[in-house]
Amino acid sequence: MRNFQISIILTLLTFNVYAQKATTDSLPSAPDTLSSDWSFGADVWYFILPGETDIPLLLVFAEYNAFYVLARYNYEDLNTASLFLSKVNRYLK
């Protein structure tokens, strides 16, 4: 029962983080030199399996202009990592 409660709490606390460009407001300001075309995100999952080893799963992704990078840990098997690189077709969005 304790593992079930922990898994429910972790599920409710799961969230995505996305980087965004700053919005412009009505006041004129100096050009923002820190803005970029990058966007980032990460997902963390934690699987609790009764009688087995718990499994943390990590996904980290980034997009820059037309390129996409995805790094995964414990996605395909335990203690493994993978990296995916791709060119995004902007016309499909």
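Everything below is about the structure shown above.
Overview of the structure. (Residues numbered from 1 in each chain as written. Predicted model: local features only at pLDDT ≥ 70, side-chain atom pairs only at ≥ 80, totals over all residues. Heavy atoms only, no water.)

Things to note about the sheet that holds strand 2 (residues 55-64)
1) Next: On the basis of which strands lie adjacent, the open sheet formed by four strands has the order 1-2-3-4 and antiparallel pairing. Looking at the sheet topology across the chains shown, the edges are occupied by strand 1 (38-47) and strand 4 (81-87). Along the sheet, successive strands turn relative to each other by an average axial angle of 10 degrees, direction set aside. (Pairing = 2+ DSSP bridges. Helix = DSSP H or I, 4+ residues; strand = E, 2+ residues; numbered from the N terminus. Axes fitted to C-alpha atoms, helices over the stretch in contact; angles between N-to-C directions.)

Considerations on the packing of aromatic side chains
1) Next: With the rule as written, the count across this model stands at two aromatic pairs.
2) Next: Judged by centre distance (5.5 Å) and plane angle (10 degrees), the rings of W38 and F40 are stacked.
3) Next: Owing to a relative accessible area of 41%, W38 belongs among the partly exposed residues under this scheme.
4) Next: Ring pairing ties together the aromatic residues W38, F40 and Y64, which thus form one cluster. (Phe/Tyr/Trp six-rings, centres within 6.5 Å; stacked < 30°, edge-to-face > 60°. Buried < 20%, exposed > 50% of the residue type's maximum accessible area, 1.4 Å probe, protein only.)

Some points on the pairing of strand 2
1) Next: Sheet topology places strand 1 next to strand 2; ten bridges connect them, and they run antiparallel. Bridge pairing links Y46 to P56 in strand 2.
2) Next: Hairpin geometry of strand 2 and strand 3 (residues 67-73) is characterised by an intervening segment of two residues between the two adjacent antiparallel strands and by a positive phi of about 50 degrees at N65.

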